[in-house]
Amino acid sequence: MTRFTVVTITYNAAAVVQRTLDSVLCQTYEDVEHLIIDGASTDETLQIVEAYKQQSDESDSGHKVIVKSEPDEGIYDAMNKGLTQVMGDYVVYMNAGDAFPAPDTLEQIARRCHLNELPSAELPAVLYGLTDIVDQEGRFLRHRRLQPPARLTWRSFRHGMLVCHQAFYARTDLAKNLQYDTQYRLSADVDWCIRVMREADRMGLPLCNINMVVANYLEGGMSIKNHRESLRERFTVMRRHYGLLTTCAMHVWFVVRAAISR
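An account of the accompanying structure is given in this report. (Residues numbered from 1 in each chain as written. Predicted model: local features only at pLDDT ≥ 70, side-chain atom pairs only at ≥ 80, totals over all residues. Heavy atoms only, no water.)

## A word on the packing of aromatic side chains
By convention here, two paired aromatic rings are described through the distance between centres and the angle between planes.
Thinking step 1. Overall, the coordinates contain nine aromatic pairs when judged by the stated rule.
Thinking step 2. Grouped by ring-pair contacts, the aromatic residues Y76, Y93, F168, Y180 and W192 constitute a single cluster.
Thinking step 3. One Lys or Arg, R198, reaches over the ring of W154 and ends 4.1 Å from the middle of that ring. (Phe/Tyr/Trp six-rings, centres within 6.5 Å; stacked < 30°, edge-to-face > 60°. Lys NZ or Arg CZ within 6 Å of the ring centre and 35° of its normal.)

Below is the structure:
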């Protein structure tokens, strides 16, 4: 059976982490590894996480929960720490406050992409789906504005990050060789997704469109709170992958698109 590894990064996240943990615990798919990488929280995060681990260990879900807590050098350093420990066939990052939308989300993903019918060498390099935005209470606010195309390629991200990081499942054997570039403080996830898809293209591996909402994303992440710096970093990432001329042309279109959508 194809195994999913869910990596959750936490730091003083007691106010929002329970929803994330509950959404993993209730997944009906049996072969799930949950890595919780904590940055040495000083609030009640670890108590909540340890209680969750005990509850999961005592259940018959078949899930394996691993908790690591130590200081890190930021969220992408923590993500790299998680990536080195992943044992599943696919890795997805579901951070504190984010959640799966339904108990059968992982089961549906496996079914729609025929994961348990394929030999491991033929598994898609990336599984990708849709995202909804939720508030602090987990209530639906809106569908994510940027949506993935029917056929995603690494060039698609010229139009922006069309797939939310929490809706991007990377095959572990590719992902482990492509760690997050920690020179970026806010946009290393964009860069990482592009590099994973470029490697998939080089290897001739397909990407699978799940065609359903697979993540509820908590409104107000770091890139929103640091919007201007995030835009500068994303420009640098896009220039690195697509060239200066294409990146400038696309940013002119972003301005026009924003004006039209008002």
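Additional details are given in the paragraphs that follow.
## Notes on unusual backbone geometry
Thinking step 1. One non-glycine residue, N12, lies in the positive phi region at around 45°.
Thinking step 2. Locating N12 in the fold gives a position in the loop between β1 (4-10) and α1 (17-25).
Thinking step 3. By relative accessible area, N12 is classed as partly exposed at 32%.
Thinking step 4. One non-glycine residue with positive phi stands out, namely N211, at about 60°.
Thinking step 5. Among the structural elements, N211 can be located in strand β8 (residues 207-218).
Thinking step 6. Here N211 falls in the exposed class, since its relative accessible area comes to 52%. (Helix = DSSP H or I, 4+ residues; strand = E, 2+ residues; numbered from the N terminus. Buried < 20%, exposed > 50% of the residue type's maximum accessible area, 1.4 Å probe, protein only.)

## Describing helix α8 (residues 227-242)
Thinking step 1. When the terminal C-alpha atoms of α8 are compared, their 22 Å separation across 16 residues agrees well with the 22 Å that a helix rising 1.5 Å per residue should span.
Thinking step 2. Within α8 the residues assigned to the buried category are S230, E233, V237, M238, H241 and Y242. Along the axis of α8, the buried residues cluster in a sector spanning 145°; they form a single face. Summarising the geometry of α8, the exposed residues directed more than 90 degrees from the buried face are R228 and R232.
Thinking step 3. With its phi angle positive at about 95°, G243 sits one or two positions after the end of α8. (Expected span 1.5 Å × (residues − 1). Arc of directions from axis to C-beta.)

## Some details on the environment of L218
Thinking step 1. Within the fold, L218 resides in strand β8.
Thinking step 2. The exposure class of L218 is buried, given its relative accessible area of 13%.
Thinking step 3. Each residue touching L218, except ones within four places of it in the same chain, is listed here: V16, R19, A96, G97, D98, V134, D135 and Q136. (Contact = heavy atoms within 4.5 Å.)

## Examining the pairing of β8
It is a general feature of regular strands that their side chains alternate between the two faces of the sheet.
Thinking step 1. With nine of its twelve residues buried, β8 lies for the most part within the structure.
Thinking step 2. Alignment of strand β5 (residues 126-134) against β8, held across eight bridges, turns out to be parallel. Bridge assignment links V126 to a residue of β8, and that residue is L207. (Pairing = 2+ DSSP bridges.)

## Considering the packing of helix α6 (residues 188-203) against α8
Thinking step 1. α8 packs onto α6 with a crossing angle of 20° between their chain directions and a minimal axis gap of 10 Å. When the interaxial angle is binned, α6 and α8 end up roughly parallel. As for how α6 packs across α8, the hand of that crossing is right-handed. In this structure, α6 contributes V190, D191, I194, R195 and R198 to the contact, and α8 contributes R234, V237, R240, H241 and Y242.
Thinking step 2. Across the contact of α6 with α8, the residue classes break down as four nonpolar, one polar and five charged. (Axes fitted to C-alpha atoms, helices over the stretch in contact; angles between N-to-C directions. Parallel < 35°, antiparallel > 145°, perpendicular 65-115°, else oblique. Left-handed = near helix turned anticlockwise from the far one by under 90°. Nonpolar A, V, L, I, M, F, W, Y, C, P; charged D, E, K, R; others polar.)

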